[in-house]
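Spelled out, the chains give:
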Amino acid sequence: MNLKLICCEVLYREMCWLVARSPNQVDVEFLPKGLHDLGGAKMREGIQQRIDATAPDRYEAVLLGYALCGNGVIGLEARRTPLVIPRAHDCIALLMGGRETYQKYFDAHPGVYFRSTGWLERGENLEQLSLDETRRRTGAGYTLEGLVAQYGEDNGRYLWEQLGAYKKAYRQLTYIETGVEPNRSFEIRAREEAARRGWTFDLVRGNLHLLGRLVDGDWDAETFLKVPVGYRTVARYDDSILDVEPL
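Residues numbered from 1 in each chain as written. Predicted model: local features only at pLDDT ≥ 70, side-chain atom pairs only at ≥ 80, totals over all residues. Heavy atoms only, no water.

(A) Structural detail: the nonpolar core. Within the largest apolar cluster, 58 residues are counted, with the highest numbers of intra-cluster contacts made by Leu5, Ile47, Leu63, Leu64 and Tyr66. With residues up to four places along the chain from it excluded, the contact list for Leu5 reads Met15, Val19, Val26, Asp27, Val28, Glu29, Leu63, Leu64, Gly65, Leu214 and Val215. Ranked by size, the runner-up nonpolar core spans eight residues in total, among them Leu120, Leu173, Phe186 and Ala194. (Core = buried A, V, L, I, M, F, W, Y, C linked by side-chain atoms within 4.5 Å. Buried < 20%, exposed > 50% of the residue type's maximum accessible area, 1.4 Å probe, protein only. Contact = heavy atoms within 4.5 Å.)

(B) Seen up close, the environment of Gly75. Tracing the chain through its elements places Gly75 in the loop between strand E3 (61-65) and strand E4 (77-78). Among the residues examined, Gly75 registers a relative accessible area of 22% and is labelled partly exposed. Considered as a pair, Gly75 and Glu245 are 170 residues apart in the sequence and their alpha carbons are 9.4 Å apart. Discounting residues that sit within four places of it in the chain, Gly75 has contacts with Arg44, Gln48, Arg232 and Thr233. (Helix = DSSP H or I, 4+ residues; strand = E, 2+ residues; numbered from the N terminus.)

(C) Quick look at the sheet that holds strand E9 (residues 224-227). The five strands are arranged E2-E1-E3-E5-E9 in an open sheet whose pairing can be described as mixed. The open sheet has two edge strands with one neighbour each: strand E2 (25-31) and E9. Neighbour to neighbour, the strand axes of the sheet diverge by 20° on average, direction disregarded. Relative to strand E5 (residues 83-86), E3 runs parallel, the two being bridged by two bridges. Within E5, the residue paired with Leu63 across the bridge is Val84. The strands touched by helix H1 (residues 12-21) are strand E1 (2-8) and E2; relative to E2, the strand with the most contacts, the crossing angle is about 170°. Those strands touched by helix H2 (residues 40-52) are E1, E2, E3 and E5, and its axis lies near 145° from that of E2. (Pairing = 2+ DSSP bridges. Axes fitted to C-alpha atoms, helices over the stretch in contact; angles between N-to-C directions.)

(D) Highlighting the pattern of salt bridges. Applying the stated criterion to the full structure yields 18 salt bridges. The salt bridge partner of Asp52 is Arg79, with a shortest N-O separation of 2.4 Å. Of the two residues, Asp52 is situated in helix H2 and Arg79 in the loop between E4 and E5; the sequence distance between them amounts to 27 residues. Here the salt bridges share partners, and the residues they tie into one network are Asp52, Glu77, Arg79, Arg232 and Glu245. (Salt bridge = Lys/Arg side-chain N within 4 Å of Asp/Glu carboxyl O.)

(E) Structural detail: empty space enclosed by the protein. Applying the stated criterion across every chain, the model contains one cavity of 30 Å³ or more. Computed from the structure, the largest cavity encloses a volume of approximately 50 Å³. Contributing to the lining of the largest cavity are Ile51, Asp52, Thr54, Arg79, Arg80 and Thr81. Of the residues assigned to the lining of the largest cavity, the class counts are one nonpolar, two polar and three charged. (1 Å grid on protein atoms, 1.4 Å probe; cavity = no way out; pocket = protein on both sides within 12 Å on 5 of 7 lines; lining within 4 Å. Points joined across faces, edges and corners; volume = space filled by probe spheres on them. Nonpolar A, V, L, I, M, F, W, Y, C, P; charged D, E, K, R; others polar.)

(F) Molecular detail of the pairing of strand E10 (residues 231-235). Relative to E10, E4 runs antiparallel, the two being bridged by two bridges. Looking at the pairing, Ala78 lines up with Tyr231 of E10. Bridge count between E10 and strand E11 (residues 242-246): five bridges; the pairing is antiparallel. Along E11, the bridge assignment pairs Thr233 with Val244. Once E10 ends, the chain turns through six residues before running back antiparallel as E11, passing Ile241 with a positive phi of about 70°.

Laid out in structure tokens, this is it:
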């Protein structure tokens, strides 16, 4: 089959490895990780633009290297070419082989933050994410003085305290090793980050079976959503995660 893969760059190394081994001809387009940080509507708009730019007579399907990802894939339309999307909540589930494995680990390790090759190379650090979110929501600068100047002493200090509140939510950093790493440099960086933050560290072996099935064309209905031409994606608040409806 001739397939087009539109994928988040956080999965860059893993997807390149899998595409090279796929029996299909898969053309790949990576989109910046920052698209996710713009919110669901903007993310959906960016992905839809790339779907619509895909030549309809060239590919049998457009594959999405995304999960639910903050509802960024909800409302995507298959206007000229069918879409195929993994049924998962986020990219951590994709790297761990599926939502069941991810949920089991998450339940046993509350307060865990994940790293992978892509998140270390292309993801922003936690402080920058928190700062950017505050700026997006408030329009304010990054400093305590800037928040106080815009919102007053009490409100400004409250916002500043909330800005650092994320630190209390995490107690562990887990590095997902997927087998595509050239050496131990990514693991070492993750260990150093955990030590710097005073968190415990864990290393888990990822599983690329689900992503491999995506590019190999092994799309069973339980694991993948297939969106026929003339349909759009909708959310389902059960184990299926995603469904379709007519345009």
